[in-house]
Each structure stands twice: as C-alpha cells, then as structure tokens.
Amino acid sequence: MRNIAVMVSGGGTNLQALIDAEKAGKIPHGKITLVVASNDSAYALERAKNNGIETVVVKRKAYENQDAFDDAIVETLHAHHIDMVVLAGYLSILGETVIQAYRDRIINIHPSLIPSFCGKGFYGLKVHEAALARGVKVTGATVHLVNEIPDGGRILKQKAVYIEDGDTAETLQRRVMEQAEWILLPEACEDIAKQLDEGEDK
Ligand code: GRF
C-alpha cells in the first residue's frame, strides 16, 4: 500500500474523483494520506477535511526563492512518508529538487491531448479557450509523468472528448473533466501505485 499525496490549488474536483475512486476500491495499491495546497482558500482543502485526509498549505510566496520552496515541499512529503504525488489542478511550479526526489513518481492531469495546448501558460480555462479558438473538433485530457519540462513527461493515459456546437470554455471544461479527467486520473494513480508496490520496472 503506497502513501499518496495530492497537490491542489482550486476546486478539487479531481481530488474528489480520487477520493471517490479510493472509496470504491479502485485504487487498491494506494491510499491518499495527504493533501498539499498552494493556497489556503482552495475548496479542495474542504473536500480533504470532509474525508478525514490530513492537509497542509505550502505557499510559494512564503519562501524567498524556488529552491527554498522546493526544499519545503520535499520536507513535507518526506515527513508524511509519501511514496507518490498526484498534481490535481496544482498551479505552483515544482523545481528540480522535487522532481529528483520523486523521479517518475509524480503524475499530472492536463486538460488537453498533449502535445496540443500545453506548456507554459496553458492551464485551467485557458487550455479550453485555446482549443475553441483553434477550432479543433476533438480535445480531451492527458495524464503524464512530471519532469523538468512543463507538461513534458512521459504520457501515461489519454482520453478524447468531442467539442460540441455552442461550447464555451466552461461547458467544454466540464465535459473534459466528467468524460476524461475524473476517469483517467484514478486509473493512472492506481497503475503507478501498483508498479511501486510490486517493484515493477516502469
Ligand atoms: C481544471 O482546469 C482541470 O482541468 C485541471 O485543473 C483545473 C482545476 O481542477 N486539471 P480541480 O477541479 O481543482 O481538480
């Protein structure tokens, strides 16, 4: 059984999907034991507390530079004996120190079919606004390993979602969440936890 930390910044619907999946027995090799938020107003913190999950807030602006922030993140994860990390709507940058400490053990959900509409500046609604502006007919979500390149790590899972006439960024975001993100993230989380638990080569 692996200890999972979920890192959040916003509403926490992906965290909720993970909590619900764990309760439904869909993540048998992992247990969400910590939620790390980048700010203290994230509703994701309420979701964690409602489910008895320990929470901690680590704010980037409380540290003088990226290295100090990274050290605080690694110390927090180690103090809670975390084996793997899930970024679920997390908006702070994780530097080299964190990536190295959890090489191939950090996964992220991105709301497009990488390599489209990803990288610096593509997050949240902006991703869907870009997809609608480009006029793509199909978008979706991607779960990938996190490395030093924003949204550049190995792709683990993807799921396509069709754009519908009259879609706004908000209606599209909701559909991508419902039809892709909330399905893929728990699946990928279990896959990595299982690999770690069984010591399999990735
Ligand atoms: C959403 O845009 C989602 O696509 C992305 O992060 C944002 C917030 O997600 N992964 P959540 O509701 O906080 O999980």
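Residues numbered from 1 in each chain as written. Predicted model: local features only at pLDDT ≥ 70, side-chain atom pairs only at ≥ 80, totals over all residues. Heavy atoms only, no water.

Caption draft 1: Region of the structure containing the site of the ligand. Close to the ligand lie G10, G11, G12, T13, N14, G89, I109, P111, G124, Q173, M177 and E181. The backbone of G11 places a nitrogen or oxygen atom 3.4 Å from an oxygen atom of the ligand. Q173 places a side-chain nitrogen or oxygen 2.8 Å from an oxygen atom of the ligand. Calculation on the ligand without its partners gives an accessible area of 360 Å², and the protein chains cover 89% of this total. Its atoms largely coinciding with the cavity grid, the ligand occupies the largest pocket. Of all elements in the fold, only helix 1 (13–23) and helix 6 (169–198) reach the threshold of two or more residues within the shell around the ligand. Considering each element in turn, the shell around the ligand owes the most residues, three residues, to helix 6. Residues that form the shell around the ligand fall into these classes: three nonpolar, eight polar and one charged. (Near = heavy atom within 4 Å. Polar contact = N/O pair within 3.5 Å; in protein donor to acceptor, adjacent residues only side chain to side chain. Areas by Shrake-Rupley, 256 points an atom, 1.4 Å probe, with all protein chains shown as cover. 1 Å grid on protein atoms, 1.4 Å probe; cavity = no way out; pocket = protein on both sides within 12 Å on 5 of 7 lines; lining within 4 Å. Sits in = over half its atoms within 2 Å of the grid points. Helix = DSSP H or I, 4+ residues; strand = E, 2+ residues; numbered from the N terminus. Nonpolar A, V, L, I, M, F, W, Y, C, P; charged D, E, K, R; others polar.)

Caption draft 2: Summary view of the layout of surface pockets. Roughly 920 Å³ of internal volume is contained in the largest pocket. Around the largest pocket sit 37 residues that line it, and Y90, L91, N108, F122 and Y123 are the ones nearest its centre. Looking at the lining of the largest pocket, the elements with two or more residues in it are helix 1, strand 5 (106–110), strand 6 (138–145) and helix 6. Here the lining of the largest pocket is composed, by residue class, of 15 nonpolar, 18 polar and four charged. Considering only enclosed or pocket space, the second largest pocket measures out at about 170 Å³ in volume. What lines the second largest pocket is simply A17, D20, A21, A24, K26, W182, I183, P186 and E187. (Points joined across faces, edges and corners; volume = space filled by probe spheres on them.)

Caption draft 3: Local environment of the pairing of strand 3 (residues 54–57). One ladder, built from four bridges, connects strand 2 (residues 30–37) with strand 3; its direction is parallel. Across the sheet, the residue bridging to A37 is V57, located in strand 3. For the crossover that starts at strand 2, traverses helix 2 (residues 43–50) and ends in the parallel strand 3, the hand is right-handed. (Pairing = 2+ DSSP bridges. Right-handed = clockwise from strand over helix to strand, strands pointing away.)

Caption draft 4: Examining the sheet that holds strand 2 more closely. Taking strand neighbours across the sheet as the criterion, the seven strands line up as 3-2-1-4-5-6-7 in an open arrangement whose pairing is mixed. Of all strands in the sheet, those with a lone pairing partner are strand 3 and strand 7 (155–162), marking the two edges. For this sheet, the mean angle separating the axes of adjacent strands, direction not counted, is 20 degrees. Where strand 1 (residues 2–8) meets strand 2, seven bridges bridge the pair, whose relative direction is parallel. In the strand pairing of strand 2, R2 is matched with G30. In the packing of helix 6 onto the sheet, contacts are made with strand 1, strand 2, strand 4 (84–87), strand 5, strand 6 and strand 7, and the angle to strand 7 comes to roughly 160 degrees. (Axes fitted to C-alpha atoms, helices over the stretch in contact; angles between N-to-C directions. Contact = heavy atoms within 4.5 Å.)

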